[in-house]
Amino acid sequence: MTTRRTRPAPRPPEGTPPRAELARQARTVLADAVRIAHWAAGAPGPGATAPLAAHALERAATALELSPAQVRAGWDRARLAGLIELHGDTARPGWRLRAWDRDDSAVLRGWVALFDAWSLVHAAPAGVEAGAVAEAVEAVPQVLSLLQLSAGPVTVPALLDLLGQRVAELHEERCEVPLGPGRPATAATTTGTTADQPDPAAGTDPDLNALLLDWALEGLAAVGALTLGHGHATLTPLGNWAVWVKLEQICVAAQSPAGNIEQSAADMLLGCARLTPGPARDEYRAWLAARTVGSAVAELLAVARGQDALLRGLAFEALRVVGAPAEPEVRAVLAEPSLRPYALLWLAEYEGNDPDDAQDVLSREEATWLWVDTAAAVADHGEAGLLVRHLDTAVQGTVPALLDEVRAVGHPRTVQVLVALAAAHPDPALAKAVRRAAFQVHTGGA
C-alpha cells in the first residue's frame, strides 16, 4: 500500500443538497425526456428516428398525452442528455436510460450534458450574427461564476455589465491583427465599426448584449440551471452544484492517487488519470496483482463499455499491462462498435506493431469514431486548449472534411463534442462552422 498523501476531496458549498436530492431534481427536469425515451424504446416499427418523424411525433403525443411541442422539446433533451443515442438514422435507448432509476451519477452526468448544451435547447435570437452569438456563449461561464459566487439573486444589470466586459475582452484578444477588407463581417461591423478599423468596444453594444443575455438566461432556465425573477436571476441547487464542480475541475491541482489497490476499476482508473505513463503502469500492476486475471479483465472491459470516454481509453491502457492473458477477451469485443477501435489498436500492438504505426489498422470511419471518442474524453476532463489541439490529430486534412465525416460516423457524443470545440476555439469563423455542424447533427440536417 502506498503512503503518499492526498488532498481531501473538496466539499461543495454549504447548503448544497446531497447528491441523491440533486439527482431527484435532475430527474424532475428531465421527466418528459425520460418518458419519451422509454416510449421510443418500446415504439413499434421505425418511428424512433432522428429527427423525430411527423407520424412518430403524433403517436408519441397521443400516447404520452403531451403536446407536439412538448414531445419535440423532450426528444431533443433526451438526445442531448444521452438518454437516446443516434446510430445512423435510428435512435436507440442510451445506457443512461437503462441506469436512470438506480444510478444517481448517471442521472447527474446526463443533466450536466444537457446543461453544457443549453445553447442548443433554446434557439438563438433571429437576425443576430453567428459570431456575436458565439461570443455570448463563450462569455456565459463568467456570468455563471458570478451567480455561483453571489450565492443568491443577482440583478440583470450586474449580469449585463459582466457580459459586456467579457465580450469586450474577447474582442481585444481577437483584434490583435487588423481585419482586412476580405475578412467576413463580424458582430463588430454590425454596430457601425469598419472592418479595417477594429474597435474592441464595438462588440459591447448594450442593446445586442441585452438581447443575448436574455436569450442565455432563458436557455439556462430551460435546462433547470437557474430561475428568473423580476429583474434578477438565481442559480438553482443543480446549477449551483454544476458550476461549483466545473470551477473545482479548473482550480484543483492534479494529485497522485493513493490506495488504488482496493478501489474499483473505475475509481482506480480515474485516480490514475493525471499520472504520467510510468507511475500509472505501476498503479495498474499493483491493482492487477490483487485480483485474478479473469475478474480484472472483465471489470476493466465493463468500465470500457460505460459512458466515460476517458475511462474507456484508460481501461485499454491497463489491459496493455495485462498482456497475453487478456488477448481472447479483447479479441471478443471487436464486434462492439464502441470498443472496436481500441481493441484493434490493442491487438496491433500486442502482435508487435510499432505503436506509432498501429493507427494504420483502423478504417477511416473507425479512426474518426475514435477521434470523437477521444475528444469527448478531453471535453469531459481536459482543458479547452487541449481540445483545440486535438484537431491536429484527425486523419482528415481539413476541418470541413473532418466535420463531414464526424457528422456521418454516428458517435452518440458528436453534438456535445462539437459544442465544446466551438466554445473553445479562438477562431470565430472556424467556431461558427463547428457550431453549425453541431446544430445540423442535433436537428438531423445535412
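For clarity, every value in this text was computed on a predicted model and none was experimentally measured.

Basis of the calculations
Sequence positions are assigned chain by chain, starting from 1 and proceeding in written order. This being a predicted model, a pLDDT of at least 70 is required before a residue's local features are given, and a value of 80 or more before pairs of side-chain atoms are given or counted; all residues contribute to the totals for chains, interfaces and linings. Working from all heavy atoms in the structure, the side-chain values ignore hydrogens and water. For the purposes of this entry, the term helix denotes a DSSP run of H or I that reaches at least four residues, the term strand denotes a run of E that reaches at least two, and both are numbered from the N terminus. Think of it in three bands: with a 1.4 Å probe and only protein chains considered, a residue is buried below 20% of the maximum accessible area for its type, exposed above 50%, and partly exposed in between. For this analysis, residues touch if any pair of their heavy atoms sits within 4.5 Å. Pairing between strands is defined by DSSP: at least two bridges between the two strands are required. Geometry is summarised by axes, namely lines fitted to C-alpha atoms with helices restricted to the contacting stretch, and by angles between N-to-C directions that run from 0 to 180 degrees. Angle categories: roughly parallel below 35 degrees, roughly antiparallel above 145, roughly perpendicular from 65 to 115, and oblique for all the rest. We call a crossing left-handed when the near helix sits turned anticlockwise from the far one by less than a right angle, and right-handed when that turn is clockwise.

1. Digging into the environment of Y342
Inference 1: Mapped onto the secondary structure, Y342 falls in helix 17 (residues 340-350).
Inference 2: Residue classification places Y342 among the buried positions, given a relative accessible area of 9%.
Inference 3: For Y342 and A315, which are 27 residues apart along the polypeptide, the C-alpha to C-alpha distance reads 9.7 Å.
Inference 4: Those residues within four positions of Y342 in sequence are excluded, and the remaining contacts are A309, R312, G313, F316, W369, L370, D373 and T374.

2. Thoughts on the pairing of strand 4 (residues 226-229)
Inference 1: Here strand 4 pairs with strand 5 (residues 232-235) via four bridges, running antiparallel. Note that in strand 5 the partner of L226 across the bridge is L235.

3. Some details on the packing of helix 18 (residues 364-381) against helix 21 (residues 414-424)
Inference 1: Where helix 18 contacts helix 21, the axes come no closer than 9 Å and their chain directions differ by 60°. Overall, the two elements helix 18 and helix 21 adopt an arrangement that is oblique. Between helix 18 and helix 21 lies a crossing whose hand is left-handed. Contacts between helix 18 and helix 21 pair W371, V372, A375, A376 and A379 from the former with T414, V417, A420 and L421 from the latter.

4. Focus on the pairing of strand 5
Inference 1: Relative to strand 5, strand 3 (residues 154-155) runs antiparallel, the two being bridged by two bridges. Residue pairing across strands places V154 opposite A233, the latter belonging to strand 5.
Inference 2: The antiparallel pairing of strand 4 with strand 5 creates a hairpin that spans two residues between the two strands, and G231 there sits at a positive phi of about 80°.

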